[in-house]
Amino acid sequence: MPYRYRWALLLGASCYFYMAFVPVYILILGFTIVIDYIAGIYIERAVGKQRKLFLILSLVANISVLVLFKYYNFINENLNWLIGELGHESPAPYLNILLPIGLSFHTFQAMSYTIEIYRGKQAAEKHFGIYSLYVMFYPQLVAGPIERPQNVLPQLHKNHQFSYSNMTIGLRLMLWGFFKKLVIADRLALYVDAVYDNPEIHNGSSVVIASIFFAFQIYCDFSSYSDIAIGAARTMGFNLMTNFRRPYLSVSITEFWNRWHISLSSWFRDYLFIPLGGNRVKVSRRFLNIFIVFMVSGLWHGASYNFVIWGVLHGLYQIIAVLSRPYFQIFETNLGIKNSKVWIILQGLFTFSLVVFAWVFFRATTFDDALQMITSLTSLGAVPFFGGTNQFAHCLLGISLLLTIEFVTELKPDFKMLYSTSRPIRWGSALTLLFLILFFGVFNGGQFIYFQF
């Protein structure tokens, strides 16, 4: 297709892709796109306080849509409880509406556009179609990565020529993503769902195994979408940011968040943590900033106290890590274990344990279910093999294969399994993954977990 029409093809494909869920919801995206497009132009033209006014109008429009569809019933439920405690009845009705897929993702991406214009780091996009495509670019529309305008908008103006290298790199990354989703994540989900959907009938051993399995399920599920999105974009010549970097090999909670959902954690850092004062304020205020960021991060994931608790736990982890760092340094120095491999492994296992514990609240259906699962840890017992020992073995083999590849990649950054210069290794790896997908993949596992966010 001629270069000047390609944006229209991509925008039409993105609209079709989004409307496959609930067609009328395209109007929600259309509303925010028009608001932010106009706001961006006026922010750039305005001076003084008017610039901030147009930015606020843009942010209010985006956040209002998010609150209406994602948080209205949650807020209403809490207000009803409060008003009921005061002896009155609330007239506000509940809204029986579906949450638009990827609403939080494209809302945050749209907000970054107007904020960057306000900061003078991005010029307003004058081409309405190109701006619409920036918000709706179908590979990363529903589950990220959350891109900044500086990265994507210039690429949407570029005349991309067909590249065999881009095509093969993209397809291999997509293949790796499909493997993680179908062979690992969706198979782990069979065990995880059996335990988390009926926590009252399971012992502590089942809860421990299911929680560890969920940690790998959500990682493989979410990172696989990012891989597929980045790969799909790459086949057309577009480069999207890396969203995951082997997070479960982290040796601290801080490092975990530098490796997990990088596009979101960097968004909160740049647009919430730093504006609140970041690390430049006194220690107590810094801890408050950290707490606020992670509490908001929890709410971003869902309108539930479980998500808030998950965010609060990670905030507390961060604060405790900062407070205990001097003591850990003295401890490491006195024992001479700072660079000890055993000590590094122990730190990694401790960090992973903290992350898994927080995942319990993230995955549990209700707060009571989460407490039920935690209290069941006092009664360990035999581990049931749901679906048989073969099913359980497939789960363990999938995790083992993933960790082996990630460990090797971490220790040897030049390790290129799917991108090896050796043709036998390159093709052997690709055909092995394809074989595993076709014969061991779970093809009725449902949608990606983060579609609901």
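First things first, this report covers the structure right here in the doc. What you see is a predicted model, and the numbers here were worked out from it, not measured in a lab.

What follows deals with the overall build of the protein. Looking only at helices and strands, the protein features 16 helices and 0 strands. When its C-alpha atoms are laid out on the principal axes, the protein stretches across 70 × 65 × 50 Å. Burial statistics for the protein: of 453 residues in total, 49% are counted as buried. Intrachain contacts of the protein at a sequence separation of at least 6 include 75% that bridge at least 24 residues. In the form shown here, the protein has an accessible surface area of approximately 22,300 Å², with 67% of it arising from carbon and sulfur atoms. In the protein, 33 side chains carry a positive charge and 22 a negative one; their mean positions are 14 Å apart.

Moving on, we come to helix α16 (residues 423–440). Here α16 spans 25 Å end to end across 18 residues, near enough to the 26 Å set by a 1.5 Å rise per residue. Burial in α16 covers these residues: R426, S429, A430, L433, L436 and I437. Seen along its axis, α16 keeps its buried residues to an arc of 125 degrees; they face one direction. Exposed residues lying more than 90 degrees from the buried face of α16 are R423, P424, L431, L438 and F439. The elements touched by buried residues of α16 are α7 (164–196) and α15 (389–411).

Taken together, the side chains of W427, L431, L434, F435, L438, F439, F440 and F443 make up a nonpolar region of the molecular surface, amounting to roughly 880 Å² of accessible area. With respect to the helices, strands and loops of the structure, F443 is situated in the segment after α16. Overall, F443 belongs to the exposed group, its relative accessible area being 56%.

With that settled, the discussion passes to the packing of aromatic side chains. What the rule picks out here adds up to 53 aromatic pairs. Summarising the aromatic geometry, the rings of F108 and W267 are spaced 3.9 Å apart at their centres and angled 20 degrees between planes, so their arrangement reads as stacked. With F108 in helix α4 (residues 103–118) and W267 in helix α10 (residues 262–273), this pair connects stretches of sequence that are 159 residues apart. For W267, a relative accessible area of 5% corresponds to the buried category. Residues F214 and W359 carry aromatic rings whose centres are separated by 5.9 Å and whose planes lie at 85 degrees to one another, so their mutual orientation is edge-to-face. You can see F214 sitting in helix α8 (residues 204–235) and its partner W359 sitting in helix α13 (residues 341–363), a full 145 residues away along the chain.

Reading the values: rules and limits
Residues numbered from 1 in each chain as written. Predicted model: local features only at pLDDT ≥ 70, side-chain atom pairs only at ≥ 80, totals over all residues. Heavy atoms only, no water. Helix = DSSP H or I, 4+ residues; strand = E, 2+ residues; numbered from the N terminus. Buried < 20%, exposed > 50% of the residue type's maximum accessible area, 1.4 Å probe, protein only. Contact = heavy atoms within 4.5 Å. Areas by Shrake-Rupley, 256 points an atom, 1.4 Å probe, with all protein chains shown as cover. Lys, Arg positive; Asp, Glu negative; His and termini not counted. Charge placed at Lys NZ, Arg CZ, Asp CG, Glu CD. Expected span 1.5 Å × (residues − 1). Arc of directions from axis to C-beta. Patch = residues over 30% accessible without salt bridge, like charges linked within 9 Å, V, L, I, M, F, W, Y side chains within 5 Å. Salt bridge = Lys/Arg side-chain N within 4 Å of Asp/Glu carboxyl O. Phe/Tyr/Trp six-rings, centres within 6.5 Å; stacked < 30°, edge-to-face > 60°.

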